[in-house]
Amino acid sequence: MSLTIPYESLKTLNKPFETEFKTKFNNFLAHGWYILGNEVAVFEKDFAAYHHEKYAVGVANGLDALVLSLRCCNFPEGSEVIVPSNTYIASILAVLQCKLIPVFVEPDIQTYNLDPKKIEAAITAKTVAIMVVHLYGQCCEMDPILTITKKIKLKLIEDCAQAHGATYKGRLAGTFGDFAAFSFYPTKNLGALGDAGAVICKTESDYEILRQLRNYGSEKKYHNNLVGYNSRLDEIQASFLSIKLPYLDQINTHKIKLAGLYHEKLKETFIRPVVDQDFKHVYHIFNIRHPERDRIKSYLSDNGIGTEIHYPIAPHQQKALSAMNQMDFPLSSEIHSTTLSLPCSFAHTEADILHVIDLLNAYA
Ligand SMILES: *Cc1c(COP(=O)(O)O)cnc(C)c1O
């Protein structure tokens, strides 16, 4: 049976922007400048300004945004970085790719974010940074985390790939850390029409280093100062992102409204993310938890509803992280075996969500 309500539809999601995309694309063809030009510079300026920050650097994707942030810190090989045990694997891969050691800390089972109370026990003499991940679109509880990073002088890196426009106590995700890494993968709350990413940083010197790292470590053509990467944001993607950035708050408001319906109407048996007035959750993902997750997923699928699982395998159980396969992260395992992501996209209508709710409540 074909799905009547897909989990996501990029075509529908981007429909409202199509005319503007086409105009931009025609200008782009007429202009003939494809890499690191005015479009990237304009988007960087506007993306920084959205965050009331000075420095943003466009890069190729979210993973690179994390890798370049870590590289910019120049940590000694083998240094330890605290990461949540239930994050998307990209956060961990970035740490490993920089020859650093990820140290997993368990999340709070109600917020799915790093539990600040568990961080200090994981800190050793080799700890150099905390990488917070604002998972599913909700900020981590930043006050106690900032207290720790200040007290122990650790770098703070924010993985904001799921949290464009989310706030904690009125302050935007991406403004807390020394570095904030964003992904504009097409499904993210601010999504390009291909791969794209950005780093927000706090100092001019980090800004200059990031700009070099993304472009072969070069400041001036054919003069290479650093062992850099090719991780440039394409002009065309930057131009599409500039069209969508002014609509980010509207996209988030729509997702928040849909999530509100789930919060209001779903039966209690479906565990929902906590709502707290200190946090503006932007619902990159609206997840529920239920012990019969797999049965519910098939039931919804049989009824034409697409769902996803973020994520089906906990990072410490992935083949790629075989050294961690024997370790035990019970909360992470519990989340991975019970979580289910429901439709909650800019592409969905309230009627779509009410239909999903009716089906779920009929299951319970
Ligand atoms: C999407 C995502 C990334 C990686 O972004 P890409 O643009 O796909 O490289 C990193 N961290 C988290 C939490 C993500 O959701």
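How each quantity is defined
- Residues numbered from 1 in each chain as written.
- Predicted model: local features only at pLDDT ≥ 70, side-chain atom pairs only at ≥ 80, totals over all residues.
- Heavy atoms only, no water.
- Near = heavy atom within 4 Å.
- Polar contact = N/O pair within 3.5 Å; in protein donor to acceptor, adjacent residues only side chain to side chain.
- Areas by Shrake-Rupley, 256 points an atom, 1.4 Å probe, with all protein chains shown as cover.
- Nonpolar A, V, L, I, M, F, W, Y, C, P; charged D, E, K, R; others polar.
- Pairing = 2+ DSSP bridges.
- Helix = DSSP H or I, 4+ residues; strand = E, 2+ residues; numbered from the N terminus.
- Buried < 20%, exposed > 50% of the residue type's maximum accessible area, 1.4 Å probe, protein only.
- UniProt positions renumbered as here; feature names shortened; annotations may be inferred.
- Contact = heavy atoms within 4.5 Å.
- Salt bridge = Lys/Arg side-chain N within 4 Å of Asp/Glu carboxyl O.
- Axes fitted to C-alpha atoms, helices over the stretch in contact; angles between N-to-C directions.
- Domains from an automatic or database assignment.
- Buried area = accessible area lost by both parts, 1.4 Å probe.
- Parallel < 35°, antiparallel > 145°, perpendicular 65-115°, else oblique.
- Left-handed = near helix turned anticlockwise from the far one by under 90°.

Caption draft 1: Fine view of the site of the ligand. With respect to spatial proximity, the complete set of residues near the ligand consists of Asn-61, Gly-62, Leu-63, Tyr-88, Ala-90, Val-133, Asp-159, Ala-161, Gln-162, Ser-183 and Lys-188. Within the contact set of the ligand, a nitrogen atom lies 2.7 Å away from a side-chain nitrogen or oxygen of Asp-159. One of the side-chain N or O atoms of Lys-188 is found 2.7 Å from an oxygen atom in the ligand. Compared with its free state, where it exposes 380 Å², the ligand has 90% of that area covered by protein. By residue class, the composition of the shell around the ligand is 5 nonpolar, 4 polar and 2 charged.

Caption draft 2: Inspection of the sheet that holds strand 7 (residues 171-172) at higher detail. Strand order in the open sheet made by the 3 strands is 7-6-12, with antiparallel pairing throughout. This sheet does not close on itself; its edge strands, each paired only once, are strand 7 and strand 12 (279-280). For strand 6 (residues 167-168) and strand 12, the ladder comprises 2 bridges, and the chain directions are antiparallel. Bridged to Tyr-168 within strand 12 is Phe-279.

Caption draft 3: Fine view of the pairing of strand 8 (residues 179-183). Strand 8 sits mainly inside the fold: 5 of its 5 residues count as buried. By the alternation rule, side chains of strand 8 split into Phe-179, Ala-181 and Ser-183 and Ala-180 and Phe-182, which are all buried. One ladder, built from 3 bridges, connects strand 5 (residues 155-159) with strand 8; its direction is parallel. Considered in strand 8, the bridge of Asp-159 is made with Ala-181. The pairing of strand 8 with strand 9 (residues 197-201) spans 5 bridges and is classified as antiparallel. Note that in strand 9 the partner of Phe-182 across the bridge is Ala-198.

Caption draft 4: Quick peek at the UniProt feature "modified residue: N6-(pyridoxal phosphate)lysine" (unreviewed entry) in the protein. In this structure's numbering, the residues bearing the UniProt feature "modified residue: N6-(pyridoxal phosphate)lysine" (unreviewed entry) are Lys-188. Mapped onto the fold, Lys-188 is located in the loop between strand 8 and strand 9. Overall, the relative accessible area of 14% leaves Lys-188 in the buried class. With residues up to four places along the chain from it excluded, the contact list for Lys-188 reads Ala-161, Gln-162, His-164, Ser-183 and His-284.

Caption draft 5: Structural detail: the pattern of salt bridges. Taken as a whole, this structure holds 15 salt bridges when the rule is applied. Of the charged contacts in the structure, one is a salt bridge between Lys-117 and Asp-115, with a shortest N-O distance of 3.5 Å. Residue Lys-117 is classed as exposed on the basis of its relative accessible area of 72%. Residue Arg-289 pairs with Glu-334 through a salt bridge whose shortest N-O separation is 3.8 Å.

Caption draft 6: Inspection of the environment of Pro-343 at higher detail. Mapped onto the secondary structure, Pro-343 falls in the loop between strand 14 (339-342) and helix 12 (350-363). Assessed through its relative accessible area of 0%, Pro-343 is described here as buried. On a C-alpha basis, the gap between Pro-343 and Ser-9 in space is 9.9 Å, while along the polypeptide they are 334 residues apart. For Pro-343, the contacting residues outside a window of four places in its chain are Ile-5, Pro-6, Tyr-7, Tyr-262, Ile-305, Gly-306, Thr-307, His-348, Ile-353 and Val-356.

Caption draft 7: Representation of the sheet that holds strand 9 in the model. Strand order in the open sheet formed by 7 strands is 1-9-8-5-4-2-3, with mixed pairing between adjacent strands. Each edge of the open sheet carries a strand with a single partner, namely strand 1 (55-59) and strand 3 (101-105). Strand-to-strand twist of the sheet, defined as the mean angle between neighbouring strand axes without regard to direction, takes the value 25°. Running over the sheet, helix 4 (residues 62-73) touches strand 1, strand 2 (80-84), strand 4 (127-133), strand 5, strand 8 and strand 9 and is turned about 160° from strand 8. Relative to the sheet, helix 5 (residues 89-97) contacts strand 2, strand 3, strand 4 and strand 5, its axis offset from that of strand 3 by approximately 145°.

Caption draft 8: Structural view of the domain arrangement of the protein. Parsing the protein into structural domains produces domain 1 (11-246) and domain 2 (247-363). Relative placement of domain 1 and domain 2: their C-alpha centres are 24 Å apart. At the interface, 44 residues of domain 1 touch 37 residues of domain 2. The largest per-residue losses of area from domain 1 upon contact with domain 2 belong to Tyr-112, Tyr-136 and Asn-189, which jointly make up 21% of the total buried on that side. Summed over the shared surface of domain 1 and domain 2, the result is 0 salt bridges. Run the count over domain 1 and domain 2 and you get 21 residue pairs in polar contact (both at pLDDT 80 or more).

Caption draft 9: Layout of the packing of helix 3 (residues 38-50) against helix 8 (residues 235-244). Two elements in contact, helix 3 and helix 8, have axes separated by 8 Å at closest approach and are oriented at 40°. As the angle between them shows, helix 3 and helix 8 are arranged oblique. The handedness of the crossing between helix 3 and helix 8 is left-handed. Packed against helix 3, whose contacting residues are Asn-38, Glu-39, Val-40, Val-42 and Phe-43, the element helix 8 presents Glu-235, Ala-238, Ser-239, Leu-241 and Ser-242 at the interface. For the contact of helix 3 with helix 8, the per-class residue count stands at 5 nonpolar, 3 polar and 2 charged.

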